[in-house]
Amino acid sequence: MSTTLGVTRPEQASYMLRAAASSAGRAYKRQLIDLLDIAPGQTALDVGCGPGTDLPVLAERVGEHGTVIGVDRDATMLTQARERTTGLRGVEVREGDAHALPVAPGSVDRAKIDRVLMHVAEPGDALVQLHRVTRSGALVGLVEPDWDTLVVDAEDLQTSRAFTRYTTEEAVRNATIGRSLGRLAEKAGFRVETVVATTPVFRDFAEADHTLGLGRNMQQAINAGYVAQDRGRRWFADLAEGPFYASFTLITVICSR
């Protein structure tokens, strides 16, 4: 999985853990798990499991007779995921890529891909892989943002718009994947059951700076010529003084096999 909103690879694990622990992160993850309606004894797959943030709750839902498979291609993530799930019965952490899942065909009852498709080379191919490994009647949960909807309140509206444009055009590979989830899922052979759009709202500048990469991405936008240096730095300094508001749209799609 590539970088997340300008986060360098060594920082990814801590970034993902902190984002998952935020109020917005907890809310949408709880919603996703509930919509998947995971039952004891099932096999649940987490594609792009990262440092294993969601593996324990999946293990709790499938129970002692179920199986949880976490897949990631990053060695650091895999190490942390294995450490996080040490002692949990029925949890397997496997090295692999979303485009070539190391999972037997037709073996999965429930699966999730959470903020991974925005980074992969071919999201449609990854969903075809997911269709291959799920069995008839399986439920799959997909969650992705639509970064075109990112808004940051500032007196300098033009610079806020330039920041969003840089995010969608440069910082994220598939920046508008959220709006395409239903279409791509149906093309891969799934049937869309539920589509939910939520809007994480940030009122705390420090939390938004961490999650949305305000400072690091503004500096990259300056370097890329999207924003003049003085203007970008003034924009960021003004945001830090508050009051602060930012939001974006996060799309959750539940589909069946």
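It should be emphasised that the depicted structure is a prediction, and the values quoted were computed from it without experimental measurement.

What counts as what
- Residues numbered from 1 in each chain as written.
- Predicted model: local features only at pLDDT ≥ 70, side-chain atom pairs only at ≥ 80, totals over all residues.
- Heavy atoms only, no water.
- Helix = DSSP H or I, 4+ residues; strand = E, 2+ residues; numbered from the N terminus.
- Rg over C-alpha atoms; globule rule 2.2 N^0.38 Å.
- Contact = heavy atoms within 4.5 Å.
- Lys, Arg positive; Asp, Glu negative; His and termini not counted.
- Charge placed at Lys NZ, Arg CZ, Asp CG, Glu CD.
- Patch = residues over 30% accessible without salt bridge, like charges linked within 9 Å, V, L, I, M, F, W, Y side chains within 5 Å.
- Areas by Shrake-Rupley, 256 points an atom, 1.4 Å probe, with all protein chains shown as cover.
- Salt bridge = Lys/Arg side-chain N within 4 Å of Asp/Glu carboxyl O.
- Buried < 20%, exposed > 50% of the residue type's maximum accessible area, 1.4 Å probe, protein only.
- Axes fitted to C-alpha atoms, helices over the stretch in contact; angles between N-to-C directions.
- Parallel < 35°, antiparallel > 145°, perpendicular 65-115°, else oblique.
- Nonpolar A, V, L, I, M, F, W, Y, C, P; charged D, E, K, R; others polar.
- Polar contact = N/O pair within 3.5 Å; in protein donor to acceptor, adjacent residues only side chain to side chain.
- Pairing = 2+ DSSP bridges.
- Core = buried A, V, L, I, M, F, W, Y, C linked by side-chain atoms within 4.5 Å.
- pLDDT = per-residue confidence, 0-100.

(A) Summary view of the overall build of the protein chain. Helix and strand content of the protein chain: 10 helices and eight strands. Computed over C-alpha atoms, the radius of gyration of the protein chain comes to 19 Å, within 12% of the 18 Å expected from 2.2 N^0.38 for 257 residues, which places it in the range of a compact globule. Projecting the C-alpha coordinates of the protein chain onto the three principal axes gives extents of approximately 60 × 40 × 25 Å. Pairs at least 24 residues apart make up 77% of the contacts formed inside the protein chain by residues separated by at least 6 positions. On the protein chain, the mean spot of the 29 positive side-chain charges and the mean spot of the 33 negative ones are 3 Å from each other.

(B) A negative patch on the surface, seen in detail. A contiguous patch of negative charge on the surface is contributed by Asp153, Glu155, Asp238 and Glu241. By the element assignment, Glu241 lies in helix H10 (residues 229-241).

(C) Looking closely at a nonpolar patch on the surface. On the surface, a nonpolar cluster with roughly 230 Å² of combined accessible area is contributed by Val151, Val201 and Tyr245. Tyr245 sits in the partly exposed class, given a relative accessible area of 31%.

(D) Representation of the packing of helix H6 (residues 157-171) against helix H9 (residues 214-223) in the model. Packing of H6 against H9 brings their axes to within 10 Å, and their N-to-C directions diverge by 85°. Here H9 runs roughly perpendicular to H6, going by the angle between their axes. Side by side, H6 and H9 meet where Thr159, Phe163, Tyr166 and Ala171 of the first sit next to Leu214, Asn217, Met218, Gln220 and Ala221 of the second. Looking at the contact of H6 with H9, its residues break down into six nonpolar, three polar and no charged.

(E) Just the pattern of salt bridges, in detail. For the coordinates displayed, the defined rule picks out 13 salt bridges. Salt-bridge contacts for Asp46 lead to Lys112; the nearest nitrogen and oxygen are separated by 3.0 Å. With Asp46 in strand S1 (residues 43-47) and Lys112 in strand S4 (residues 108-114), this residue pair connects regions lying 66 residues apart in the sequence. Here Asp46 and Lys112 have matching classes, each one buried. Of the charged contacts, one joins Arg73 and Asp97 as a salt bridge, the two residues approaching to 3.1 Å between their closest N and O atoms. Of this pair, Arg73 sits in the loop between strand S2 (67-72) and helix H4 (75-84) while Asp97 sits in the loop between strand S3 (91-95) and S4, and the two are 24 residues apart along the sequence. Judged by its relative accessible area of 47%, Arg73 is partly exposed. Taken together, the shared-partner salt bridges connect Lys29, Asp46, Asp54, Lys112, Asp114 and Arg115 into one network.

(F) A look at the environment of Arg233. Relative to the elements of secondary structure, Arg233 occurs in helix H10. When the C-alpha atoms of Arg233 and Asn223 are compared, they prove to be 12 Å apart, with 10 residues separating the residues in sequence. For Arg233, the contacting residues outside a window of four places in its chain are Gln219 and Ile222.

(G) Fine view of the environment of Arg216. Along the polypeptide, Arg216 turns up in helix H9. A distance of 3.0 Å separates the side chain of Arg216 from the backbone oxygen of His210, its partner in a polar contact.

(H) Region of the structure containing the pairing of strand S8 (residues 246-256). Counting buried positions along S8 yields 10 of 11 residues, so the element is predominantly enclosed. Judged from the 10 bridges that link them, strand S5 (residues 134-152) and S8 form a sheet pairing that is antiparallel. Considered in S8, the bridge of Leu139 is made with Ser256. Sheet analysis places strand S6 (residues 191-198) next to S8, joined by seven bridges and oriented antiparallel. Residue pairing for S8: Thr194 is matched across the bridge by Ile254. As paired elements, strand S7 (residues 201-202) and S8 share two bridges and run antiparallel to each other. Bridge pairing links Phe202 to Ala246 in S8.

(I) Examining the nonpolar core more closely. One finds Leu45, Leu130, Leu142, Val152, Leu212, Leu214 and Phe244 to be the most contacted residues of the largest nonpolar core, which totals 72 residues. With sequence-adjacent residues up to four places away left out, Leu214 is seen in contact with Val152, Phe163, Phe205, Ala208, Asp209, Trp235, Phe236, Leu239 and Phe244.

(J) Local environment of the confidence of the model for the protein chain. Looking at the protein chain as a whole, the pLDDT averages 91, with 90% of positions reaching at least 70. Low pLDDT (under 50) marks residues 6-10, which in the prediction has 11 contacts with non-local residues, meaning those over four places away or in another chain.

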